[in-house]
Amino acid sequence: MKSLSDWSFVFAVIGAVSFCCAFFSPKSFELLMVSGFGALLIGMLFSFGAMLKSEKGKTKFLAVAAFFLLSFILVWNEPFQIVRLLTWMKN
């Protein structure tokens, strides 16, 4: 019954790892950043689905918290990286 919560957790972990690895690999910064941001976004959508289905447990909130926390950290440390990321995702 907790399938959406589990998928949101999986995508949140993949997104967070990819997002954090982007800072250690300057050659593939954009690719890792976009894949991490996309995985966090997909995890957040699964999390909202779990909230709508009223699944039990607290893992459904992890993807939403990770998305906003990592976005806040990115904007706080390097404000123009979010503009660069969104421009890259648009094209």
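Residues numbered from 1 in each chain as written. Predicted model: local features only at pLDDT ≥ 70, side-chain atom pairs only at ≥ 80, totals over all residues. Heavy atoms only, no water.

## Examining the overall build of the protein chain
Inference 1: Along its length, the protein chain carries four helices and zero strands.
Inference 2: For the protein chain, the succession of helices and strands along the chain, N to C, is α-α-α-α.
Inference 3: Taken against the 2.2 N^0.38 rule, which gives 12 Å for 91 residues, the C-alpha radius of gyration of the protein chain at 14 Å falls within 12% of a compact globule.
Inference 4: Along the first, second and third principal axes, the C-alpha set of the protein chain runs to 40 × 25 × 20 Å.
Inference 5: The buried share of the protein chain, taken over its 91 residues, is 36%.
Inference 6: A fraction of 65% describes how many contacts in the protein chain between residues 6 or more apart in sequence connect residues 24 or more apart.
Inference 7: Of the roughly 5,900 Å² of accessible surface on the protein chain, 76% is carried by carbon and sulfur atoms.
Inference 8: When the 8 basic and 4 acidic side-chain charges of the protein chain are each reduced to a single mean position, those positions are 6 Å apart. (Helix = DSSP H or I, 4+ residues; strand = E, 2+ residues; numbered from the N terminus. Rg over C-alpha atoms; globule rule 2.2 N^0.38 Å. Buried < 20%, exposed > 50% of the residue type's maximum accessible area, 1.4 Å probe, protein only. Contact = heavy atoms within 4.5 Å. Areas by Shrake-Rupley, 256 points an atom, 1.4 Å probe, with all protein chains shown as cover. Lys, Arg positive; Asp, Glu negative; His and termini not counted. Charge placed at Lys NZ, Arg CZ, Asp CG, Glu CD.)

## Remarks on the packing of helix 1 (residues 3-21) against helix 3 (residues 62-77)
Inference 1: Packing of helix 1 against helix 3 leaves a shortest axis separation of 8 Å and a crossing angle of 20°. Here helix 1 is positioned roughly parallel relative to helix 3, judged by the angle of their axes. Judged by the sense of rotation from one axis to the other, the crossing of helix 1 with helix 3 is left-handed. Contacts between helix 1 and helix 3 involve Ser 8, Phe 9, Ala 12, Ala 16 and Phe 19 from the former and Leu 62, Ala 63, Leu 70 and Leu 74 from the latter.
Inference 2: Across the contact of helix 1 with helix 3, the residue classes break down as eight nonpolar, one polar and no charged. (Axes fitted to C-alpha atoms, helices over the stretch in contact; angles between N-to-C directions. Parallel < 35°, antiparallel > 145°, perpendicular 65-115°, else oblique. Left-handed = near helix turned anticlockwise from the far one by under 90°. Nonpolar A, V, L, I, M, F, W, Y, C, P; charged D, E, K, R; others polar.)

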